[in-house]
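Results of the structural survey
So you can see what is in the structure, the chains are spelled out below.
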Amino acid sequence: MSSRNMSKLKQEGFTLIEILIAIAILAFGLLAVATMQVRAIKTNAIASGISQGLTLGQAKVEELMNLSYSDLSDTDFDGTGQDLDDDGVDDDDDNFGLDDTAGADGSEAKGRYTIYWNIAVDEPVISSKTIRVIVTWTEKGRNKNIKLDFVKTSLS
C-alpha cells in the first residue's frame with residue numbers, strides 16, 4: 001500500500017473523543033427527557049386528585065339540589081338572621097357558617113376524601129338557601145380542599 005492510501009484510511013471514521021462527546025450529549029438529552037417525564041407523572045397525579053375531589057363534590061351538590069327546598073335544613077342555624085343590616089356580610093364574621101367543617105350541617109367520608117356541606121338560610125336573599133359543599137383530602141402531607149357554592153330558591 002502506498003502512503004497516499006494509508007492517509008485516506010486514517011481519515012475515515014470517528015475518533016474515540018468524538019464518540020464520547022456524542023454519548024455525553026445523548027445522555028444529557030435523555031436525562032432531561034426523564035426529568036420532564038417524572039414531573040409530568042407527578043402533575044398528573046395531582047390533577048387526578050383534584051378531578052376526583054371535584055367529581056365527588058359535584059355529585060353531592062346534585063344530591064342536595066334535588067332535595068325539596070323544605071328538606072334542606074341548616075342544623076346549626078348560622079345562616080338565619082345573621083345579616084340584619086342586609087349588606088351581604090355575616091354580622092358575626094362567620095360567613096353564615098358556610099366554611100364550617102367542624103360543625104358542618106352534614107359530612108361523609110369517601111375513601112381519602114371527606115365531603116362536608118353547609119346550608120345558609122335566607123342568603124343571599126330571603127327565600128333562598130346557599131349550599132356550600134367542601135371536599136377535603138390530604139395529598140403528600142398537604143391539606144387540599146375544593147369549595148362549591150350553589151343557591152336554591154323556594155321556587156326551584
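Refer to the structure presented above.
Computed from a prediction, not measured in an experiment: that's the story for all the values here.

1. Some details on unusual backbone geometry
As a rule of thumb, non-glycine residues mostly have phi less than zero, and peptide bonds are mostly trans rather than cis. Positive phi, normally seen in glycine, also occurs at Ser127, with a value near 65°. In this structure, Ser127 sits in the loop between strand E2 (113-121) and strand E3 (128-139). Although it is not a glycine, Lys140 adopts a positive phi angle of roughly 55°. Considering the arrangement of structural elements, one finds Lys140 in the loop between E3 and strand E4 (142-153). On the basis of relative accessibility, which here comes to 64%, the residue Lys140 falls in the exposed class.

2. A look at the pairing of E3
With ten of twelve residues buried, E3 is to be regarded as a mostly interior element. Pairing of E2 with E3, which is carried by eight bridges, proceeds in the antiparallel orientation. Paired with Ile119 across the bridge in E3 is Ile131. Looking at chain direction, E3 and E4 are connected through twelve bridges and run antiparallel. Paired with Thr138 across the strands is Asn143, a residue of E4. Counting the residues that bridge the hairpin from E3 to E4 gives two residues, and of these Lys140 lies at a positive phi of roughly 55°.

Rules behind the numbers
- Residues numbered from 1 in each chain as written.
- Predicted model: local features only at pLDDT ≥ 70, side-chain atom pairs only at ≥ 80, totals over all residues.
- Heavy atoms only, no water.
- Helix = DSSP H or I, 4+ residues; strand = E, 2+ residues; numbered from the N terminus.
- Buried < 20%, exposed > 50% of the residue type's maximum accessible area, 1.4 Å probe, protein only.
- Pairing = 2+ DSSP bridges.

Function cannot be inferred from these measures alone, as they are strictly geometric.
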